[in-house]
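# Summary of the model geometry
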Amino acid sequence: MDLLLLSRLQFAFTSFFHFVFVPLTIGLSLFIAIIKTINLKKQDPRIDSIARFLMKVFAVNFAAGVASGLTQEFEFGTNWFDYSKFVGDIFGAPLAIEGLMAFFLESTFMGLFLFGEKKISRGMHTFAAWMVALGTTLSALWILIANSWMQTPAGFKIVETEQGIKAVLTDFFEAALNHTTIFRFLHTVDAGYITGGLFAMGVFAYFILKNRHVEASKIGFKYALIFTVITSTLQIIIGDIHGYQVAHHQPLKMAMYEGVWETEKGAPLVLLGVVDQEKQQTQAYIKIPYLLSILSHHDPYAEFKGIKDLIKEYQEKAQAYKQKAAELEAQLATVPADQQEKVKGELAFAKAQAKALNISFKDLPPVGLVFTSFHLMVYLGFFFAFFSLVGLYLLKKNKLFENKAYLWASILSIPLPYIAANLGWISTEVGRQPWIVQGILQTKDAVTLHPPANVALTLAVFFVIYTSIFVAFLVSMVKVIKKGLDEKETAPEYGYGSATPSATPNVAFFSKPDKE
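Here's a quick rundown of the structure.

### Comments concerning the packing of aromatic side chains
Taken as a whole and assessed by the stated rule, the structure comprises 29 aromatic pairs. Relative to Y466, the ring of F17 lies with its centre 4.7 Å away and its plane at 40°, an arrangement referred to as tilted. In this pair, F17 is assigned in helix α1 (residues 3–18) and Y466 in helix α16 (residues 452–483), connecting sequence segments 449 residues apart. Taking the relative accessible area as the measure of exposure, Y466 reaches 2% and is therefore buried. On the basis of an interplanar angle of 10° and a centroid distance of 4.4 Å, the ring pair of F387 and Y406 is categorised as stacked. One end of the pair, F387, is in helix α13 (residues 367–396); the other, Y406, is in helix α14 (residues 404–412), and 19 residues separate them in sequence. Residues F387 and Y406 agree in their burial class; the two are buried. Among the aromatic side chains, those forming a connected cluster through ring pairs are F13, F17, F21, F462, F463, Y466, F470 and F473.

### Considering the pairing of strand β1 (residues 156–161)
Alignment of β1 against strand β2 (residues 164–169), held across six bridges, turns out to be antiparallel. Opposite V159, over in β2, you have K166 as the bridge partner.

### What to know about the packing of helix α8 (residues 214–249) against helix α9 (residues 251–258)
Where α8 meets α9, the axes come as close as 5 Å, and the angle between the chain directions of the two elements is 120°. As the angle between them shows, α8 and α9 are arranged oblique. Between α8 and α9, the contacting residues are G243, V246, A247, H248 and H249 on the first element and P251, K253, M254 and Y257 on the second. Here the contact of α8 with α9 is built from residues that sort into five nonpolar, three polar and one charged.

How each quantity is defined
Every chain is numbered independently, its residues counted from 1 as its sequence is written. Reporting of local features is limited, given that this is a predicted model, to residues whose pLDDT is at least 70; pairs of side-chain atoms are given and counted only at 80 or more, and all residues count toward the totals for whole chains, interfaces and linings. The side-chain values count all of the structure's non-hydrogen atoms but skip hydrogen atoms and water molecules. Two rings from Phe, Tyr or Trp (for Trp, the six-membered ring) form a pair when their centres sit within 6.5 Å of each other. Planes less than 30 degrees apart are called stacked, planes more than 60 degrees apart edge-to-face, and all others tilted. Runs of E in the DSSP output that reach at least two residues are strands. Runs of H or I that reach at least four are helices, and both are numbered from the N terminus. Exposure classes here rest on a 1.4 Å probe applied to the protein chains alone. A residue is buried below 20% of its type maximum, exposed above 50%, and partly exposed in between. Strands are labelled as partners when DSSP assigns at least two bridges between them. The convention used is that axes are lines fitted to C-alpha atoms, helices contributing only their stretch in contact, and that angles between N-to-C directions extend from 0 to 180 degrees. Here the word oblique covers every angle except those under 35 degrees (roughly parallel), over 145 (roughly antiparallel) and from 65 to 115 (roughly perpendicular). Contacts are assigned to residue pairs with any non-hydrogen atoms lying within 4.5 Å of each other. Gly falls in the polar group here, along with every residue not listed as nonpolar (Ala, Val, Leu, Ile, Met, Phe, Trp, Tyr, Cys, Pro) or charged (Asp, Glu, Lys, Arg).

This is the structure in structure tokens:
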């Protein structure tokens, strides 16, 4: 059993299992807040019941996400000790902020939303929904800040200590808002919004087909459809910008995304192909001339570097840094004492680069997996935009709710954004290999030296526990959906002293409830 492979499999398993719950948490939180805000003016009890029903779904999903995500942060210490030692001063901060700020904000206001509606005003209840959405978004932001630093590290320096070489933070804002953070964040969060929108469409389509809560479900479906049209259309734009960033800051990853082995000017975009890693070639069945150069460089005749030339470039850089390290070591003995710290810093950086950039073809990940997962994610992204626009067309023609085929398609589409989101993570994380920190630290140099049997055992234990969590999640989710919208709660009694909403509330937005 290979220790590195087992450690990567364990982290991949826990990460992808956890990410089953993350997109819906992100997507539903914003959607709920929006429809609660709409209802501040409309004060329609059906819309209110939709929001409370979805928040119950959100709560089940949130609980499963918390239960599955707790182990991940511990794995950095147990399975990736050398990584934690190398970047702990940088990587630990966003994880701590995420837990202390975002998680508690999200969970506190979710409790207020679910259990406090009879004790607070309608406006405060809506505010609680927005705070849940904000907490969820901030949680995603800090996790993606940490991940983006691993993808495109910035705002740091390398120092050599008694414990070895490590990365030290020099500029927090440069590290947090590095080259790719913003659009990686927007790309990931918008994927969650699409998941939430399509999930809501599927659930309300189910109610309509089962002739349950029909009027409320039609309203919910309409709002979810419009939400999905906006988010899925935006994703095409955001994804294109993010892809442009990857091409410029992680060229080897982009070359694997597109299965390009040879450098080419005016590179075509392969829409359908098969990667043969052993022969170092990609068999293209469908391709569009010049489009890859246009997308990656905004120039149809631009040069797109292939995997083979990029490997050579990294090897040349590694040799240059190795030579520079030797020169700096010799220089260190002659420089004045006040300049030694600077030279030591340059020496530590040169050593780290010489080791990290010394890669070969055997260090590459499965290129076919990267290529396939990336392309399937892109195709699903276009499908979401197309599918939701078709629904919008049917809505405009007043034919949406009579079209059973579209309603069934909405139900069957529920798993697709989950698949797309995890395909995205497969392509971006596997495609980052052989580095755990891009160009700075190789993954094989970051693993904890456990006996492989220990990792295999914990992987088996995680599989059993996580399977139990997933079964409990499915049972709870089915139970909530089967119960549906509680008709007895369609006119909830907020802190107004009356269960019946009026067109002009007689309380201020954040007012305390009237005492009976």
